Amino acid sequence: MKKLAYILVLMILFITIGSNPVFADSLQKEPVIERAKVLNVQELAEDALETDFFTESMVVSLEVLSGDYKGQQFEVIHSLTGSFSYDILVKPGDKVLVTIDDMGNGVVDVYISEYLRDTYIYLVLGIFVALLILVGGFKGLKTMLTLILTIVLILKVLLPGLLAGYNPILLTIAVSFVVTCMTMLVVGGMNTKSYAAIIGVLGGVFIAGLIAYVIGSKVSLTGLSNEEAMMLMYIPQGVNFDFRGLLFAGIIMGALGAVMDVGISIASSMEEIKSLNPNISTKALIQSGMNIGKDIMGTMTNTLILAYTGSAIPLLLLFTAYQDPLVRIINLDIIATEIIRAFAGSIGLLLCIPLTAVAAGVLTEKADKKRNEEKTV
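Residues numbered from 1 in each chain as written. Predicted model: local features only at pLDDT ≥ 70, side-chain atom pairs only at ≥ 80, totals over all residues. Heavy atoms only, no water.

Enquirer: I'd like a description of the sheet that holds strand 5 (residues 107-115), backed by residues and values.
Expert: The five strands are arranged 3-2-1-4-5 in an open sheet whose pairing can be described as antiparallel. Each having just a single partner strand, strand 3 (73-80) and strand 5 make up the two edges of the open sheet. For this sheet, the mean inter-axis angle between neighbouring strands, taken without regard to orientation, is 45 degrees. Across six bridges, strand 1 (residues 32-43) lies against strand 4 (residues 95-104) in antiparallel orientation. Within strand 4, the residue paired with Lys-37 across the bridge is Lys-95. (Pairing = 2+ DSSP bridges. Helix = DSSP H or I, 4+ residues; strand = E, 2+ residues; numbered from the N terminus. Axes fitted to C-alpha atoms, helices over the stretch in contact; angles between N-to-C directions.)

As structure tokens, then:
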């Protein structure tokens with residue numbers, strides 16, 4: 001198992017160095033996106049609007065802060081539509097992203113494309129890393145390593161593989177297997193605790209994915225319940241996606257994190273019990289693991305349900321405001337999808353408890369027998 005962990009890490013590093021994800025933007029030359037600072041904003045007269053689509057237009061003076069155009073200043077026409085979802089309201093001193101399109105012959109087209117948010121995102125990330133190391137110490141560093149490798153697997157293996165047209169369920173299962181083994185072995189070490197957690201997590205997640213697939217097929221889920229999925233039908237690669245497969249792949253990945261948390265918590269607690277009471281029987285140890293799992297079960301199940309509910313609050317408010325009947329709401333594709341996603345993840349979590357407890361008990365018993373045999377020899 002130790003050799004397996006090293007091989008997995010080396011494979012991921014090789015993939016990181018030797019490949020790049022293929023996205024739609026990389027297939028053709030695109031305008032560059034740079035950082036810029038707003039220097040001045042001056043409103044245009046109402047009769048200067050070229051179309052009734054815009055409710056307000058202004059001249060914005062910008063200074064580019066990055067890239068080949070760094071230090072250059074531009075004046076751009078920035079228009080608002082009156083929509084809070086799409087309008088970018090700017091004032092002097094704001095930092096924004098601008099799209100710069102070199103049209104040739106010295107003509108450069110510049111427009112404001114988004115607020116600049118990454119500075120604060122990096123700040124939050126820095127706080128997270130600092131606390132992880134401060135609280136977790138060396139284990140915190142190992143946690144950071146597994147987090148980085150997980151992100152690499154998603155960006156370098158899962159997404160390019162899906163974009164290339166590979167079976168989403170099989171690919172997600174393979175990535176989940178590697179992520180689980182890698183996380184447990186790096187953070188928990190090469191021991192009975194980690195092996196038991198791997199068995200419990202993979203068993204729980206895969207059975208939950210199977211249940212979600214069977215039930216989802218019976219209720220005719222399309223996998224096209226959101227705009228992003230429908231937009232995939234028009235990407236330039238022309239991939240014939242299995243949208244239902246993508247849906248169930250997402251269910252597996254979404255449940256994996258919470259189930260891993262449950263698996264390692266139970267296995268670690270059982271190892272601690274065994275170290276404090278070496279003479280405890282296998283049956284009693286498994287029962288202790290089950291009792292620990294029952295305590296975890298309530299809060300973690302709520303975590304999954306609340307996470308999916310939180311993401312759908314605006315939609316639920318719409319249904320409540322218009323007083324739609326429950327029978328219509330629950331049968332909508334988008335609602336049925338989220339319900340199955342939430343409960344399939346919870347099923348995986350529940351199944352992980354007995355699987356991990358039994359695996360930890362059996363593996364601990366075998367390890368004890370092996371040690372006793374070595375002592376007698």
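From this point, the discussion proceeds with the structure in view.
Enquirer: Describe the side chain of Ser-66, listing the residues and the values that go with them.
Expert: Tracing the backbone shows Ser-66 in the loop between strand 2 (56-64) and strand 3. Within the structure, Ser-66 has its side chain in polar contact with the side chain of Glu-34 (distance 2.7 Å). In terms of polar contacts, Ser-66 uses its side chain to reach the backbone amide nitrogen of Arg-35, at 3.0 Å. Sequence-distant contacts of Ser-66, defined by excluding residues within four places in its chain, comprise Glu-34 and Arg-35. (Polar contact = N/O pair within 3.5 Å; in protein donor to acceptor, adjacent residues only side chain to side chain. Contact = heavy atoms within 4.5 Å.)

Enquirer: Please set out the confidence of the model for the chain residue by residue, giving values where relevant.
Expert: The predicted model of the chain has a mean per-residue pLDDT of 81, with 88% of residues at 70 or higher. Contacts for the low-pLDDT stretch residues 6-29, under 50 throughout, to residues beyond four places or in other chains number 29 contacts. (pLDDT = per-residue confidence, 0-100.)

Enquirer: Any chance you could break down a nonpolar patch on the surface for me, citing the residues and the numbers?
Expert: Nonpolar side chains collect at one region of the surface, where Ile-121, Tyr-122, Leu-125, Phe-128, Leu-147, Ile-151, Leu-155 and Leu-159 lie side by side and expose about 720 Å² of accessible area between them. Looking at the nonpolar patch, the elements that each hand over two or more residues are helix 2 (118-136) and helix 3 (138-163). One can find Leu-125 in helix 2. The exposure class assigned to Leu-125 is partly exposed, which follows from its relative accessible area of 46%. (Patch = residues over 30% accessible without salt bridge, like charges linked within 9 Å, V, L, I, M, F, W, Y side chains within 5 Å. Areas by Shrake-Rupley, 256 points an atom, 1.4 Å probe, with all protein chains shown as cover. Salt bridge = Lys/Arg side-chain N within 4 Å of Asp/Glu carboxyl O. Buried < 20%, exposed > 50% of the residue type's maximum accessible area, 1.4 Å probe, protein only.)

Enquirer: Kindly report on the packing of helix 4 (residues 168-188) against helix 7 (residues 243-276), identifying the contributing residues and their values.
Expert: Across the interface, helix 4 lies against helix 7 with an axial gap of 9 Å and an inter-helix angle of 15 degrees. By the angle class used here, helix 4 and helix 7 are roughly parallel. The element helix 4 and its partner helix 7 pack so that their crossing is right-handed. Together, Pro-168, Ile-169, Thr-172, Ile-173, Ser-176, Val-179, Thr-180, Thr-183 and Met-184 of helix 4 and Gly-245, Leu-246, Phe-248, Ala-249, Ile-252, Met-253, Leu-256, Met-260 and Ile-264 of helix 7 make up the contact between the two elements. Of the residues belonging to the contact of helix 4 with helix 7, the class tally is 13 nonpolar, five polar and no charged. (Parallel < 35°, antiparallel > 145°, perpendicular 65-115°, else oblique. Left-handed = near helix turned anticlockwise from the far one by under 90°. Nonpolar A, V, L, I, M, F, W, Y, C, P; charged D, E, K, R; others polar.)

Enquirer: A description of the nonpolar core should follow, citing residues and the corresponding values.
Expert: Membership of the largest hydrophobic core comes to 44 residues, with the highest contact counts inside it found for Val-201, Val-259 and Val-262. Contributions of two or more residues to this core are made by helix 3, helix 4, helix 5 (192-218), helix 7, helix 8 (282-311) and helix 11 (333-376). In terms of residue count, the dominant contributor to this core is helix 7 (ten residues). Setting aside residues up to four positions removed in sequence, Val-262 forms contacts with Ile-296, Met-300, Leu-349, Cys-352 and Ile-353. Counting residues in hydrophobic clusters, the runner-up holds 17 residues, among them Met-58, Val-60, Tyr-69 and Val-110. (Core = buried A, V, L, I, M, F, W, Y, C linked by side-chain atoms within 4.5 Å.)

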